[in-house]
Amino acid sequence: MHSRFQSAFAQLAENLQPALAPILADTHFPALLTAEQIAALKAATDLDDDALAFALLPLAAACARADISHFNVGAIARGVSGTWYFGGNMEFTGTTMQQTVHAEQSAISHAWLRGEKALSAITVNYTPCGHCRQFMNELNSGLELRINLPGRAPHTLADYLPDAFGPKDLDIKTLLMDEQERGYALSGDALTQAAITAANKSHAPYSNAPSGVALECRDGTIFTGSYAENAAFNPTLPPLQGALNLLSLNGYDYPDIQRAILAERADAPLIQWDATAATLKALGCQNIDRVLLA
């Protein structure tokens, strides 16, 4: 079991611990639970979906990297496929505050980058801030997304974001988590191709500036992140944050990164290169390249 889970695991209900222990045994547990695993946990605990998600929140919060605030927020995005995806807030010492990833963004991008097609609900241990409510409004689940908070009845995003402004106000038809493929040809080595593939999946309807990042760890594992824009612009999630989020959720640390590649258009109205390189260098990665999409 990864050391980050040990304290939270010890606080779980006694009937939940033995059912979870084999799942968490892998140091690189991918911070998700399949539909089959969820069914087994429900059978072992007699908990329904909502109660089980609340019971698992301490593990999601343990995934947080709150090096600045020391305030761990955990979220669980529940996919329509039946898979549940953990997320935690991420802060990066030595970078700007704008590089921060909120827990809801972490869980949602985790699900999206794993290929989930839509979400049915998200469970969070603290009330979503306005930034996250706006980010969630970009999803194809729209304002009907159910939000579960401890000690409160379930509400929809519409309840938390009244009179909402979102992609539909700008006549955007393809929403976050809808399938997208931009058609940029693959080239170069495996890491370069992974970055281009991530860029092809970008949700960038406002700038038309797709981008993707691929990170290679010392053991050869590759994590990718795709750019995810937002109608309100500021809640947009850069591709590097998506890749770092997956890397961290899978139990890797920043010193494990040995090489990084950003794929983006040279003529795009928004350029990721400077922020990507600066953040990676702050995290200790110096081997950073860029491939231009054409």
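Presented here is an overview of the structure given in this document. (Residues numbered from 1 in each chain as written. Predicted model: local features only at pLDDT ≥ 70, side-chain atom pairs only at ≥ 80, totals over all residues. Heavy atoms only, no water.)

**Considerations on the state of the cysteines**
Then, in step 1: Going through the model one piece at a time under the given rule, you end up with zero disulfides.
Then, in step 2: No disulfide involves Cys-132; its sulfur sits 3.8 Å from that of Cys-129, the nearest cysteine.
Then, in step 3: Here Cys-132 falls in the buried class, since its relative accessible area comes to 1%.
Then, in step 4: Looking at Cys-285, it has no disulfide partner, and the nearest cysteine sulfur is the one in Cys-217, 10.0 Å off. (Disulfide = S-S within 2.5 Å. Buried < 20%, exposed > 50% of the residue type's maximum accessible area, 1.4 Å probe, protein only.)

**Quick look at the sheet that holds strand β1 (residues 32–33)**
Then, in step 1: An order of β1-β3-β2-β4-β5-β6 is seen for the six strands of this open sheet, with the pairing classed as mixed. Sheet topology places β1 and β6 (155–156) at the edges, where each strand pairs with a single neighbour.
Then, in step 2: Here strand β5 (residues 146–148) runs beside β6; their pairing, made up of two bridges, is antiparallel. Residue pairing in the sheet places Arg-146 in a bridge with Thr-156 of β6.
Then, in step 3: The strands touched by helix α5 (residues 103–113) are β1, β2 (74–79), β3 (84–88) and β4 (119–124); relative to β3, the strand with the most contacts, the crossing angle is about 145°. (Pairing = 2+ DSSP bridges. Helix = DSSP H or I, 4+ residues; strand = E, 2+ residues; numbered from the N terminus. Contact = heavy atoms within 4.5 Å. Axes fitted to C-alpha atoms, helices over the stretch in contact; angles between N-to-C directions.)

**A word on the side chain of Arg-265**
Then, in step 1: Along the chain, the position of Arg-265 falls in strand β9 (residues 257–265).
Then, in step 2: Its relative accessible area of 14% is what places Arg-265 among the buried residues.
Then, in step 3: A polar side-chain atom of Arg-265 sits 3.0 Å from a polar atom in the side chain of Asp-267.
Then, in step 4: In this view, Arg-265 contacts Tyr-184, Asn-208, Ala-209, Pro-210, Ile-271 and Leu-293; residues no more than four positions away in its chain are not counted. (Polar contact = N/O pair within 3.5 Å; in protein donor to acceptor, adjacent residues only side chain to side chain.)

Just geometry here; none of it tells us what the structure is for.
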